Amino acid sequence: MTLAIITYVDRVCISQAAPFLQEELSLTAGQMGLAFSAFAWAYALFEIPGGWLGDRIGPRKVLMRVVIMWSVFTVATGYVWNLASLVIARFCFGMGEAGCFPNLTKAFMIWLPRPKRTRAQAILWLSARWGGAFTPLLVIWVMSLLSWRNTFALFGTLGVIWAFAFHRSFRDHNPPHVVAAPETLEQPPHTVPNPAEQANADTPAGPLHVPWRKLLSSRTVWLLWVQYFCLTYGWFFYVTWLPTYLKETRGLELDQNAFMLWLGNVLRELLTPETTRTVLVAALAGIPLFFGGLGAIVCGLVTPHLVRQTGSVARTRQTLAVLGFTGAAALLVSSAYIRDPLLAMLAMGLASFCNDLTMPGSWSTCMDVGAQYTGTLSGSMNMMGSIGAAIAPLVIGIILDSSGRNWALTFWISGIIYFLGGLCWLWLDPVTPIEAHTVE
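Residues numbered from 1 in each chain as written. Predicted model: local features only at pLDDT ≥ 70, side-chain atom pairs only at ≥ 80, totals over all residues. Heavy atoms only, no water.

1. Comments concerning the overall build of the protein chain
Part 1: Tallying secondary structure elements over the protein chain gives 20 helices and zero strands in all.
Part 2: Put simply, the protein chain has 440 residues, and 57% of those count as buried.
Part 3: Counting contacts in the protein chain only where the partners sit at least 6 residues apart, residues at least 24 apart contribute 85% of the total.
Part 4: If you sum the accessible surface of the protein chain, you get close to 17,600 Å²; carbon and sulfur atoms cover 69% of it. (Helix = DSSP H or I, 4+ residues; strand = E, 2+ residues; numbered from the N terminus. Buried < 20%, exposed > 50% of the residue type's maximum accessible area, 1.4 Å probe, protein only. Contact = heavy atoms within 4.5 Å. Areas by Shrake-Rupley, 256 points an atom, 1.4 Å probe, with all protein chains shown as cover.)

2. A word on the confidence of the model for the protein chain
Part 1: Chain-level statistics for the protein chain give a pLDDT mean of 84 and a share of 88% at 70 or above.
Part 2: The low-confidence segment residues 176-205, where pLDDT is below 50, has 38 contacts with residues more than four positions distant or belonging to other chains. (pLDDT = per-residue confidence, 0-100.)

3. Describing helix H2 (residues 29-45)
Along an α-helix, residues three or four apart share an orientation, since each turn contains 3.6 residues.
Part 1: The end-to-end C-alpha distance of H2 is 24 Å, a good match for the 24 Å that 17 residues give at a rise of 1.5 Å each.
Part 2: Burial analysis of H2 places 12 of its 17 residues in the buried class, the great majority of the element.
Part 3: Of all the positions in H2, only Ala 29, Met 32, Gly 33, Ala 35, Phe 36, Ser 37, Ala 38, Phe 39, Ala 40, Ala 42, Tyr 43 and Ala 44 are classed as buried.
Part 4: Buried positions along H2 lie against helix H1 (2-25), helix H3 (47-57), helix H5 (83-97), helix H6 (100-111) and helix H19 (374-402). (Expected span 1.5 Å × (residues − 1).)

4. Things to note about the nonpolar core
Part 1: Ranked by size, the top nonpolar core spans 113 residues in total, and within it Met 32, Phe 101, Trp 125 and Phe 237 carry the most contacts.
Part 2: Looking at this core, the element that brings in the most residues is H1, giving 12 residues.
Part 3: Residue contacts for Phe 101: discarding those within four places in its chain leaves Ala 4, Thr 7, Tyr 8, Arg 11, Tyr 43, Leu 124, Trp 125, Ala 128, Trp 363 and Asn 382. (Core = buried A, V, L, I, M, F, W, Y, C linked by side-chain atoms within 4.5 Å.)

5. Quick notes on a nonpolar patch on the surface
Part 1: Taken together, the side chains of Ile 416, Phe 419, Leu 420, Leu 423, Leu 426 and Trp 427 make up a nonpolar region of the molecular surface, amounting to roughly 600 Å² of accessible area.
Part 2: Along the chain, the position of Phe 419 falls in helix H20 (residues 407-424).
Part 3: When its relative accessible area of 46% is taken as the criterion, Phe 419 is described as partly exposed. (Patch = residues over 30% accessible without salt bridge, like charges linked within 9 Å, V, L, I, M, F, W, Y side chains within 5 Å. Salt bridge = Lys/Arg side-chain N within 4 Å of Asp/Glu carboxyl O.)

6. What to know about the environment of Leu 294
Part 1: Mapped onto the elements of the fold, Leu 294 is located in helix H15 (residues 273-310).
Part 2: Of the residues examined, Leu 294 reaches a relative accessible area of 28% and is grouped as partly exposed.
Part 3: A sequence separation of 59 residues divides Leu 294 from Phe 353, and the C-alpha atoms of the two residues are 6.4 Å apart.

7. Here's the deal with the packing of aromatic side chains
Part 1: All chains considered together, the criterion is met by 27 aromatic pairs.
Part 2: Seen in terms of ring centroids, Trp 241 and Trp 407 are 6.4 Å apart; in terms of plane orientation they differ by 65°. Their pairing is edge-to-face. Residue Trp 241 is found in the loop between helix H12 (219-235) and helix H13 (242-250), and its partner Trp 407 is found in helix H20; the two are separated by 166 residues along the sequence. Each member of the pair, Trp 241 as well as Trp 407, is classed as buried.
Part 3: When the ring of Tyr 245 is compared with that of Phe 411, the centres are 5.3 Å apart and the planes differ by 55°; the resulting orientation is tilted. Residue Tyr 245 is found in helix H13, and its partner Phe 411 is found in helix H20; the two are separated by 166 residues along the sequence.
Part 4: What links up through ring pairs into an aromatic cluster is the set Phe 36, Phe 237, Tyr 238, Trp 241, Tyr 245, Trp 407 and Phe 411. (Phe/Tyr/Trp six-rings, centres within 6.5 Å; stacked < 30°, edge-to-face > 60°.)

8. Some points on the environment of Thr 28
Part 1: Structurally, Thr 28 is set in the loop between H1 and H2.
Part 2: You can call Thr 28 partly exposed: its relative accessible area is 42%.

9. Side note on the packing of H1 against helix H8 (residues 148-169)
Part 1: Between H1 and H8, the shortest axis-to-axis distance is 10 Å and the interhelical angle comes to 165°. Classified by the interaxial angle, the pair formed by H1 and H8 is roughly antiparallel. Our pair here, H1 against H8, has a crossing hand that is left-handed. Contact with H1, carried on its side by Thr 2, Leu 3, Ile 6, Val 9, Asp 10, Cys 13, Ile 14, Ala 17, Phe 20, Leu 21, Glu 24 and Leu 25, involves Trp 148, Arg 149, Thr 151, Phe 152, Phe 155, Gly 156, Leu 158, Gly 159 and Trp 162 of H8 and no other residues of that element.
Part 2: Looking at the contact of H1 with H8 residue by residue, the classes come out as 14 nonpolar, four polar and three charged. (Axes fitted to C-alpha atoms, helices over the stretch in contact; angles between N-to-C directions. Parallel < 35°, antiparallel > 145°, perpendicular 65-115°, else oblique. Left-handed = near helix turned anticlockwise from the far one by under 90°. Nonpolar A, V, L, I, M, F, W, Y, C, P; charged D, E, K, R; others polar.)

10. Things to note about the pattern of salt bridges
Part 1: Evaluation of the coordinates by the stated rule reveals seven salt bridges.
Part 2: A salt bridge links Glu 97 to Arg 11; the shortest N-O distance between them is 2.9 Å. Placement of the pair is Glu 97 in helix H5 and Arg 11 in helix H1, with a sequence separation of 86 residues.
Part 3: Here Glu 97 falls in the buried class, since its relative accessible area comes to 0%.
Part 4: The partner of Arg 149 in a salt bridge is Glu 24, with the nearest N and O atoms 2.8 Å apart. Residue Arg 149 is found in helix H8, and its partner Glu 24 is found in helix H1; the two are separated by 125 residues along the sequence.
Part 5: If you follow the salt bridges from partner to partner, you end up with Glu 248, Asp 401 and Arg 405 in one network.

See below:
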């Protein structure tokens, strides 16, 4: 949980610093989009190596190294001097963060019984999203005390401290109380254990030989990749362009809502008018990530009940995913046409809620389908998501530059991609392990 929070604090920080970066380095929207996407491309390229390393040498060693790496380049972001140095710093930052969630998922697979894994993923993503949700206000507060450059240095230092604390306290092997209490590993009442899954124990002995042929020929794996690409494409707007969108299209409309007007009057007694507007915009920017965390935890809470009602883990995951993708598409597009800024952000927040309703199921599918190859499969899924994350800010920047800042068009494109992601779950088998697949 603490690492998920630190990960998203470091990741979201640049979205708040973006206006200062653009002004100080004289960057266009397209160039800022290139810097945003540099992180995502590196994140994509190093997902599979990061997950594979976790399968080979364990998540403890990998997480220790990658957290220190991305923390160093979080600090380096505060010392960039032109576009090239910014792109290099964000690319190296993405290389480090690529190993995070596949190895956390591997740790869950090692330590937790199967019925608890979806809930654990829900808590993880709640922590990640809420870490990102409160980061805008945190960054504004820190920037009121430090420069934007020193703000990156402070956040990077927190990651280094975490890495050493984690390395002292965490071990890769199953905890003794789980080994001594095998009844905690029983399947839920309506789940029939799969022989192939039982054969693949939580952690293999000796070197891994990843069945790449089965992975690449599996319809489930490809659909899992595509749906996560669609999911991340739509969501990445919230941690890149959203603050800029709010400043350009909603910043002058904050007084149109009675609650925002009251809150603004209260804040003006404590802050300058400019700082007050910045705080209000940052608060609005945190709404989608806050609601996203709620979507993740709701998924974790309702999944066991739906499984008992339907008798099917697969059907439960498919239903939640289709509802999530469809709701995210409709609500994101509708938010562009709501005049009231608070109501518009609530609609966008509900879109993020629907987005994250699918998250725990996607990562739990990696654990069930991947089994001992969980790190590799989850890394490959997150790689495809990261490609979506890399393309999204770049495409949005190009559209804005070429269409006269037509934000509604960018929302429509994201909505269509969301809808396509939901279709993937109609044919996706989220429970059968990859080792049970037969290659023709």
